Amino acid sequence: MANDSKTWRCGKYELSFDRPRIMGVLNVTPDSFSDGGEHFDPDAAIEYGLAMLDAGADIIDVGGESTRPGFTPVNPDEEARRVLPVVRALAKEGAIVSIDTRHVAVAKAAVRCGASIVNDVTGFTDPKMVEFVKTSTCGVIVMHAGEVAAPARTHATVQLDTSAAAFVAEKAREAAAEAAREAEKPARRRRGKLLGEPRPEAKLPGGVVQPSLPFGEPEPATEPASEQETPAAEQAAAAETVAPAPEATEAASEPNDRLAAMMRRSARREEAYVPTSQLRRFTLPDSAPIMRRVMGFLSDQARALIHAGVSRDRICIDPGPGFGKTANEDIVIQRETAKMASLGYPLMCAVSRKRFVGAVSGVTEAAERDAATFGVCLGAIQAGANIVRVHDAAGFAQFLNGYWAVAKPQPRRAFVAVGSNLGHRCDNIRAARDMIAEIPLTCVSNSSKIYESEPAYETRQDAFANAVIEIKTELAPLVLLDELMKIEAELGRDRSKKAKANGPRTIDLDLLWMDGETHGGKKLRLPHPLIGERDFVLVPLEDLMHDPARFFRYNGVEVKEPEDRVGHIVGELGRM
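A short tour of the structure in this document, coming up.

Rules used throughout
Position labels on residues start from 1 in each chain and follow its written sequence. With the structure being a predicted model, the display of local features is reserved for residues of pLDDT at least 70 and the display and counting of side-chain atom pairs for 80 or more, all residues being used for whole-chain, interface and lining totals. To get the side-chain values, all heavy atoms of the structure are used, and hydrogens and water are removed first. Pairing between strands is defined by DSSP: at least two bridges between them are needed. Each helix is a run of DSSP H or I of at least 4 residues and each strand a run of E of at least 2, with the numbering of both proceeding from the N terminus. Note on contacts: a residue pair qualifies if any of its non-hydrogen atoms lie within 4.5 Å across the two residues. With axes taken as lines fitted to C-alpha atoms, and helix axes fitted only over the stretch in contact, angles between N-to-C directions fall between 0 and 180 degrees. Note on classification: 1.4 Å probe, protein chains only; a residue is buried when its accessible area is under 20% of the maximum for its type, exposed when over 50%, partly exposed between these limits. Pairs of N or O atoms are called polar contacts if they sit within 3.5 Å, as long as, within protein, a hydrogen donor faces a hydrogen acceptor (for residues adjacent in sequence, only side-chain-to-side-chain pairs).

Here we come to the sheet that holds strand β6 (residues 117-120). In a beta sheet, neighbouring strands pair by backbone hydrogen bonds and run either parallel or antiparallel. Ordered in space as β12-β7-β6-β5-β4-β3-β14-β13, the eight strands form an open sheet in which the pairing is parallel. The sheet is open, and its two edges are formed by β12 (315-318) and β13 (348-349), each paired on a single side. Looking at chain direction, strand β5 (residues 96-100) and β6 are connected through three bridges and run parallel. Bridging across to β6, D100 finds its partner in N119. Of the strands in this sheet, β3 (21-27) and β14 (387-390) touch helix α14 (residues 393-407), which is tilted by about 165° from β3.

Here you go:
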């Protein structure tokens with residue numbers, strides 16, 4: 001897992017999995033199961049999303065419709081009204097944003113606003129959603145939502161009769177039935193197809209078969225009594241019933257409301273369970289039929305997307321814990337994480353605060369299940385999961401950083417820009433280099449020469465001394481940034497509100513780039529968003545790599561021509 005070769009291409013971003021990625025949950029809903037209403041206000045949601053990024057989240061998953069057990073479907077217009085301002089604001093800050101929706105209209109609008117991932121809880125069983133994602137470049141998450149238990153079979157009571165006469169009569173009935181079936185075969189054919197055969201499943205463009213929704217059979221309708229049998233009082237009450245609101249009517253007409261019905265059944269299965277006197281031989285159900293259904297659906301849907309024109313490196317899979325599954329079934333699925341990872345797609349572990357986590361930990365309140373969630377996620381990571389979807393992104397980032405530092409030795413290359421225009425400029429830069437070398441799990445592998453440059457942005461100040469330091473580190477980017485800020489403070493950098501943002505400083509340390517890392521937010525942006533316009537960074541980088549402009553352009557950074565840059569180099573000040 002430490003060096004997983006999978007990559008996930010999501011629009012202009014490409015995520016590598018040399019370490020697990022954290023997806024922070026942002027529910028812009030009034031009724032989500034553990035945090036409903038906390039971030040319903042768009043401004044509060046945006047602030048919380050940025051806070052999760054600054055705490056260590058790699059992706060923010062924005063959802064405007066709760067899919068908890070017993071949820072009420074939301075009109076797509078209302079869902080879009082909730083999520084689009086949040087998606088737009090987070091994407092503007094460089095975040096990788098996922099839109100959690102089953103409505104194609106919402107997915108389209110969110111991608112236009114900057115979302116890079118479409119997370120469809122119905123697993124792209126809607127041909128319209130497939131048609132949309134095949135024409136975009138966004139990443140896709142295929143989730144399994146549905147019951148995984150084999151349908152219960154009802155058996156009629158059989159009365160055995162062992163007499164010879166009964167045996168002969170039974171054989172005669174079987175022979176007669178076989179003869180009748182043979183006689184009916186020619187009559188049953190119509191246009192080369194037997195009557196009564198299953199209807200063909202929907203096909204996508206290009207002839208790709210689109211499986212039906214994996215939500216099990218819909219709830220059987222109750223047979224209404226005849227009007228004559230209905231009491232007069234009930235008829236009067238029915239006549240006075242208020243017609244449903246237009247939004248409710250539209251939501252109820254959605255074909256994916258089978259998801260709501262399935263989740264209601266799932267909740268009832270959990271609530272209605274009572275112990276029986278019948279003993280079981282095993283603590284959990286057999287995994288084979290469960291995994292055939294889950295892995296079969298995920299692999300079939302991934303192949304259908306590929307045949308429709310979605311490239312394989314855009315697809316992520318999610319077994320959908322809690323969606324139509326009992327606690328026992330969810331545990332079975334989590335224990336088979338390695339098998340799902342072997343399918344070759346990035347694999348998500350989305351167990352945060354789910355019912356089965358409460359069942360195994362004994363924690364009733366959903367919001368208090370984070371510690372148990374971390375334990376389940378760790379087991380999934382060890383078995384090959386690449387992405388963890390959690391509510392407490394800050395807590396899990398700390399948990400993962402601690403575990404990863406000890407369990408997975410993994411030095412990565414990074415570049416730090418160093419500048420100074422107060423005091424002894426070159427001595428300040430050399431002192432910063434020596435202090436960087438003392439950061440835990442970090443070493444200095446190379447340094448550029450020290451150059452003099454024109455001041456950038458705030459031009460009425462003294463010229464700067466600049467250099468770039470190449471390091472290797474095993475720290476997470478945000479942890480490394482905190483260490484660099486400590487060095488700035490120790491060397492006298494003034495970051496108070498009274499100090500000008502680009503004014504004079506004793507030392508300035510910028511984390512420019514780290515191998516395999518893309519990050520957005522207020523605290524840190526990777527790659528550094530201004531690296532392509534700074535001559536005082538690109539010229540020192542030429543001492544450390546061949547053609548840095550080409551290198552950063554390959555990594556998606558816009559690099560300006562030398563004459564269009566700021567802070568031009570005007571001379572050399574010596575070696576580091």
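We are not done yet, so read on.
Once that is clear, we can look at the side chain of R21. Tracing the chain through its elements places R21 in strand β3. Take R21: its relative accessible area is 0%, and that puts it in the buried class. Within the local environment of R21, its side chain forms a polar contact with the backbone oxygen of S16, the two atoms lying 2.9 Å apart. Setting aside residues no more than four positions away along its own chain, R21 makes contact with L15, S16, D58, N386, I387, V388, G516 and E517.

The next point concerns unusual backbone geometry. Note that the residue after L526, namely P527, is joined by a cis bond; omega there is -10°. With respect to the helices, strands and loops of the structure, P527 is situated in the loop between β19 (508-514) and α17 (535-541). For R353, which is not a glycine, the phi torsion comes out positive at approximately 60°. A residue is classified by how much of its surface remains accessible, and R353, at 10% relative accessible area, is buried. Positioned with a positive phi, Y457 is a non-glycine residue whose angle comes to about 70°.

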